[in-house]
Amino acid sequence: MEDVSNEGKYEAEDLSPYYRDDRLFPYLIMVDNRIAGFILVTSPPYVTDGIDYSVQELFLLPRYRGQGIGQAAVLHIFKHHHGHYEISMFRNNTKAVKFWSALLSSLHIDAGSDIGIIEISGNRLPTQTLRFVISNEPLSVPAPIDCTLPLK
């Protein structure tokens, strides 16, 4: 189980491949020139066959949540990455399930949904996977959001 160390540090997974592989896309979410969060997007061969992109991580610092910033950041991703998407999340992450369902519904995007189980460290956890297509039709990205692709 992940936790903060006695020194107050949080050891995250190694994200360095996102800066070395052109098929992985790390985005910083910037608000008023401050880092508000990040999005990690993957493409083949790091996704299921028939899928072009997957949002592997979407994180916003708590002070930026509930303001439409996450939605604007995802719209930015959709604007730059068209194709077949797959988004997987833990079903008990109700905020993520609600976020993605509401976002896709508001954009009138039909998404297929599958329920599954993943085993992590002996624990069986229910998952939900959404599959949908983002066309190359223009999407508006509301201000004041800016997603910046860090230097690789």
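This text follows the structure it describes.
What counts as what
- Residues numbered from 1 in each chain as written.
- Predicted model: local features only at pLDDT ≥ 70, side-chain atom pairs only at ≥ 80, totals over all residues.
- Heavy atoms only, no water.
- Core = buried A, V, L, I, M, F, W, Y, C linked by side-chain atoms within 4.5 Å.
- Buried < 20%, exposed > 50% of the residue type's maximum accessible area, 1.4 Å probe, protein only.
- Contact = heavy atoms within 4.5 Å.
- Axes fitted to C-alpha atoms, helices over the stretch in contact; angles between N-to-C directions.
- Helix = DSSP H or I, 4+ residues; strand = E, 2+ residues; numbered from the N terminus.
- Parallel < 35°, antiparallel > 145°, perpendicular 65-115°, else oblique.
- Left-handed = near helix turned anticlockwise from the far one by under 90°.
- Nonpolar A, V, L, I, M, F, W, Y, C, P; charged D, E, K, R; others polar.
- Salt bridge = Lys/Arg side-chain N within 4 Å of Asp/Glu carboxyl O.
- Polar contact = N/O pair within 3.5 Å; in protein donor to acceptor, adjacent residues only side chain to side chain.
- Expected span 1.5 Å × (residues − 1).

Draft legend 1. The nonpolar core, seen in detail. I39, V41, F78, Y85, W100 and F132 are the most contacted members of the largest nonpolar core, which totals 28 residues. Among all residues touching Y85, those that are not within four sequence positions of it are I51, Y53, V55, I77, F78, L130, R131, F132 and I134.

Draft legend 2. Geometry of the packing of helix α2 (residues 69-80) against helix α3 (residues 94-106). Closest axis-to-axis distance for the α2/α3 pair is 11 Å, and the angle between their directions is 60°. Looking at the two axes, α2 sits oblique to α3. The two elements α2 and α3 cross, and the hand of that crossing is right-handed. Contact residues: α2 offers G70, Q71, V74 and F78, while α3 offers F99, W100, L103, L104 and S106. A breakdown of the residues in the contact of α2 with α3 according to their chemical character gives six nonpolar, three polar and no charged.

Draft legend 3. Expanded view of the pattern of salt bridges. All chains considered together, the criterion is met by three salt bridges. Of the charged contacts, one joins D21 and R23 as a salt bridge, the two residues approaching to 2.9 Å between their closest N and O atoms. When the shortest N-O distance is used, the salt bridge between D114 and R131 registers 2.2 Å. Taken together, the residues span a long stretch of sequence, with D114 in strand β5 (residues 112-120) and R131 in strand β6 (residues 123-134) at a distance of 17 residues. Salt bridges here are not isolated pairs; linked through shared partners, they connect E86, D114 and R131.

Draft legend 4. Summary view of the side chain of T129. As for its placement among the helices and strands, T129 is situated in strand β6. One polar contact links T129 to S88, side chain to side chain, over a distance of 2.9 Å. If we skip the residues at most four places from it in the chain, T129 touches E86, I87, S88, G112, S113 and D114.

Draft legend 5. Focus on α2. Between its terminal C-alpha atoms α2 stretches 17 Å, which fits the 16 Å expected from twelve residues at 1.5 Å a residue. Summarising burial for α2: nine of the twelve residues are buried, a large majority.

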